[in-house]
Amino acid sequence: RTWFSRHAWPDSPQAQAALSRQIQEVRLHAESARRDRHAAAANRARRMWGTAPAAPRHHSYLVAKGIAPHNARLFHGCLVLPVTSFEGSISSLQFIAPDGRKRLLSGGRKRGCFIVVAGDEKQARRVIICEGWATGCTLAKDDPAALVLAAIDAGNLEPVAVAARRRWPATEMVIAGDDDRRTPGNPGATRAKAAAIASDALLALPQWPADAPESLTDFNDLARWLAGGGA
């Protein structure tokens with residue numbers, strides 16, 4: 001968006017046209033710079049991904065979450081995951097430290113991109129889209145026939161879901177949202193519902209037993225709590 005004070009906007013049509021051209025030039029320059037950053041990050045991501053070894057099953061984060069490595073690799077002790085565009089190329093990387101801290105490759109494109117957790121993109125019969133990769137691993141274990149995509153965060157659910165609907169117009173699609181019950185406005189559930197409506201998809205949220213702690217927010221939390229006997 002572009003904002004101007006009423007007092008700063010010129011009065012004459014000629015001056016207004018000149019200022020509009022200047023705004024457009026600045027906008028185009030910013031867009032070009034953004035594309036250059038994305039392209040440089042994508043090249044860096046592909047090089048790093050190409051040299052990273054497969055992640056071991058005993059990595060601390062995998063053990064803590066009770067999940068398999070799937071397609072994760074290892075980079076300086078962190079899990080590294082490819083962030084992919086619908087054009088089929090790696091656009092960025094996500095790094096997950098042993099203690100669960102997450103970060104994305106600087107300059108990489110995220111909006112509308114995703115991490116393929118499991119499944120066949122060419123013959124997808126059901127597409128499940130969730131926020132985090134660990135949640136996606138839990139969902140993939142529960143439904144091995146599904147194509148599971150992790151949108152990285154709640155704000156990226158809708159762009160990924162809308163693009164996925166264009167890619168697979170007749171395929172059953174499920175938005176598996178987080179339930180941020182302790183956060184005002186419940187952004188996980190709210191964004192998941194919006195993504196489901198925008199993409200004509202089904203909506204799934206964790207169904208909590210009466211004694212489940214309110215600190216639990218996603219399907220991985222629920223699965224681990226149930227596996228531990230609900231303690």
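Here, every reference points to the structure presented above.
Residues numbered from 1 in each chain as written. Predicted model: local features only at pLDDT ≥ 70, side-chain atom pairs only at ≥ 80, totals over all residues. Heavy atoms only, no water.

The subject of this paragraph is the overall build of the chain. Across its full length, the chain carries six helices and nine strands. Looking at the chain residue by residue over its 231 residues, the buried ones come to 45%. The contacts of the chain with a sequence gap of at least 6 include a subset with a gap of at least 24, amounting to 55%. With the model as given, the accessible surface of the chain reaches about 13,000 Å², and the carbon-plus-sulfur share is 53%. (Helix = DSSP H or I, 4+ residues; strand = E, 2+ residues; numbered from the N terminus. Buried < 20%, exposed > 50% of the residue type's maximum accessible area, 1.4 Å probe, protein only. Contact = heavy atoms within 4.5 Å. Areas by Shrake-Rupley, 256 points an atom, 1.4 Å probe, with all protein chains shown as cover.)

What follows deals with the nonpolar core. Membership of the largest hydrophobic core comes to 27 residues, with the highest contact counts inside it found for Tyr61, Ile67, Leu79, Ile115, Val117, Ile128 and Trp133. Going through the elements one at a time, helix H2 (60-65), strand E2 (78-84), strand E5 (115-118), strand E6 (126-130), helix H3 (133-142), strand E7 (147-150) and strand E8 (172-176) are the ones with two or more residues in this core. At five residues, H3 tops the list of elements feeding residues into this core. Every residue in contact with Ile115, bar those within four places of it in the chain, is listed here: Leu81, Pro82, Val83, Gln94, Trp133, Val148, Leu149, Ala150 and Ile152. Listed in part, the 21 residues of the second largest apolar core include Phe86, Ala164, Ala195 and Ala196. (Core = buried A, V, L, I, M, F, W, Y, C linked by side-chain atoms within 4.5 Å.)

Whether parallel or antiparallel, the strands of a sheet pair through hydrogen bonds between backbone atoms. Pairing in this open sheet of five strands is mixed, and the strands run E5-E7-E6-E8-E9 from one edge to the other. Two strands bound the open sheet, and with one partner strand each, they are E5 and strand E9 (202-204). Pairwise comparison of adjacent strand axes, ignoring direction, gives a mean angle of 25° for this sheet. Its contacts with the sheet place H3 against E5, E6, E7 and E8, and it is angled at close to 30° to E5. (Pairing = 2+ DSSP bridges. Axes fitted to C-alpha atoms, helices over the stretch in contact; angles between N-to-C directions.)

Next up on the list: the pairing of E2. Among the seven residues in E2, seven count as buried, and that is most of the element. Alternating positions in E2 separate into two faces, Cys78, Val80, Pro82 and Thr84 on one and Leu79, Leu81 and Val83 on the other, with burial throughout. Pairing of strand E1 (residues 73-75) with E2 involves three bridges; the strand directions are antiparallel. Residue pairing in the sheet places Phe75 in a bridge with Cys78 of E2. Pairing of E2 with strand E3 (residues 90-96), which is carried by six bridges, proceeds in the antiparallel orientation.

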